[in-house]
Amino acid sequence: MADNRKQKLVYSLCKRLSLDPKNFSDDVKKCDIKSLCTNILKASQNGSALLSNDEVMKWISFAENFPMNSEACFQVLSGLNDELAQKSVLLGNGLKLSEADIIVFSVLHPFVIGISKSGDEKLSHILRWMDYVQSKEDLGELFERIPVEKAVFEPQVSKGAHKVDINSNAKDAEKGAKADSDANDSKNISKGSKTVDAPQVDKSSKKDADAKRVKGDKEAGQERKVPGKESIAKDDEVSVSILNIQVGLIRKAWKHPSADSLLVEEIDVGEAKIRQVVSGLAKYCSPDELVNRRVVLITNVKPGKLRDVMSEGLVLCASNEDHSIVEPLLPPEGAKLGERVSISGHEGKPEDVLNPKKKQLEKITPHLFTDENGVATYKGIPFMASAGPCTSSIPKAGIK
């Protein structure tokens, strides 16, 4: 690896560990990557713990052995891309960056930034991870920012219901015309007959006409039942517009006093009063990781106590299929505190307070998920703030 690449590695790792990079200037020329990283980690406060961590050493070896040959390089990157498919960071299942992330990021940066657009699609998880590192870690102007394109979404308008109505109306009209025609024929028969048996023909004709009319009404009624059921099903679906989804900032976070799986957060949504929210994030995030983190939350859920602690909102989180990775959704940079997140085609005034008895939220959450790029969506339509879409580092995840 060229000396300038080693130099960038030294500066980024020293910045992470609050060390002076000048102390390792001689090592840049005479040491390989592994030795260079080892010397820097030894000088840090937690050096012994880091060097005794097998996972840290694994990623240092990965950085040391990263090939310079383009074909071999892409094969290694493909393997790393597969490993990152179910992970947000290199170490553990949480969201916290480690020294391993900084080391591997520094080594991969010059290769990844030159990848073609065709390669972007094949290495989407690496790009997501590198974008996360460059967004969370203050690397100054040391590394050129890797551009990560966000998908543009066009909401799909379903025309199925409209077609059903048209077909149904046509059938109704056809049935009605048939019934009227039958009735008119019976009248003509009764008028044209002047024999002694005419009164009997009249009665019989009227009965036949009535029977046909009744039958026609029943058939028409049966035809109309199909769109009726669809209408009821649609009404039962509940519009996502009833949710008041807002951008917030966690000011404080601490462990729940009587529940190991819960955390308590104070969240600023631009109101005079800070909201207190209880979240089931203790297994996935530490309180320190959440402080000063921007989040997306539902603010019109009915306030209530969770294990004797009042909660006034619901932080929306993405989770992978087996729920081993869970993280709060991230609003875009530049989004204003308290602004409402919108979903195209589902505009409307939110309810003041959701009614738990109607199970409104339970009917909406099955349609919330992140796409392959980590963009939060409702039925594939992105969660949009004024500065762009809300996202997660977990692609194809459920949202609750």
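Thresholds, definitions, all that
- Residues numbered from 1 in each chain as written.
- Predicted model: local features only at pLDDT ≥ 70, side-chain atom pairs only at ≥ 80, totals over all residues.
- Heavy atoms only, no water.
- Salt bridge = Lys/Arg side-chain N within 4 Å of Asp/Glu carboxyl O.
- Helix = DSSP H or I, 4+ residues; strand = E, 2+ residues; numbered from the N terminus.
- Buried < 20%, exposed > 50% of the residue type's maximum accessible area, 1.4 Å probe, protein only.
- Pairing = 2+ DSSP bridges.
- Contact = heavy atoms within 4.5 Å.
- Polar contact = N/O pair within 3.5 Å; in protein donor to acceptor, adjacent residues only side chain to side chain.
- Expected span 1.5 Å × (residues − 1).

Quick look at the pattern of salt bridges
Here is step 1: Counting across every chain of the model gives 7 salt bridges.
Here is step 2: A salt bridge links Arg145 to Asp131; its shortest N-O distance comes to 3.9 Å. Separated by 14 residues along the polypeptide, Arg145 in the loop between α9 (124-136) and α10 (160-192) and Asp131 in helix α9 bring together distant segments of the chain.
Here is step 3: Residue class for Asp131 comes out buried when judged on its relative accessible area of 19%.
Here is step 4: With a shortest N-O distance of 3.1 Å, Glu271 and Arg275 are connected by a salt bridge.
Here is step 5: Linked by salt bridges that have partners in common, Arg16, Glu99 and Glu137 make up one network.

Some thoughts on the sheet that holds strand β3 (residues 275-279)
Strands pair in a sheet through their backbones, by hydrogen bonds, and they do so in one of two ways: parallel or antiparallel.
Here is step 1: As summarised here, the arrangement of the 5 strands in space is β3-β2-β1-β4-β7, forming an open sheet in which the pairing is antiparallel. Only two strands of the sheet have a single partner each, and these edge strands are β3 and β7 (314-315).
Here is step 2: Two strands pair when backbone bridges link them, and strand β1 (residues 245-255) and strand β4 (residues 294-298) are joined in this way by 5 bridges, in the antiparallel orientation. Within β4, the position partnered with Val247 by the bridge is Val296.

Remarks on the environment of Asp32
Here is step 1: Following the sequence through the fold, Asp32 ends up in the loop between α2 (25-30) and α3 (33-42).
Here is step 2: Its relative accessible area of 34% is what places Asp32 among the partly exposed residues.
Here is step 3: Along the sequence, Asp32 and Glu64 sit 32 residues apart, while their C-alpha atoms lie 7.3 Å from each other.
Here is step 4: With residues up to four places along the chain from it excluded, the contact list for Asp32 reads Lys6 and Glu64.

Details of the side chain of His109
Here is step 1: Residue position: His109 is located in helix α7 (residues 99-112).
Here is step 2: Side-chain polar atoms of His109 contact the backbone oxygen of Glu144, separated by 2.6 Å.
Here is step 3: Discounting residues that sit within four places of it in the chain, His109 has contacts with Met130, Phe143, Glu144 and Ile146.

A closer look at α9
Here is step 1: Here α9 is 13 residues long and its end C-alpha atoms lie 18 Å apart, about the 18 Å a rise of 1.5 Å per residue gives.
Here is step 2: Along α9, 10 of the 13 residues are buried, which leaves the element largely enclosed by surrounding structure.
Here is step 3: Those residues of α9 that sit buried are His125, Ile126, Leu127, Arg128, Trp129, Met130, Asp131, Tyr132, Val133 and Gln134.

As far as function goes, none of this settles anything; it's purely spatial.
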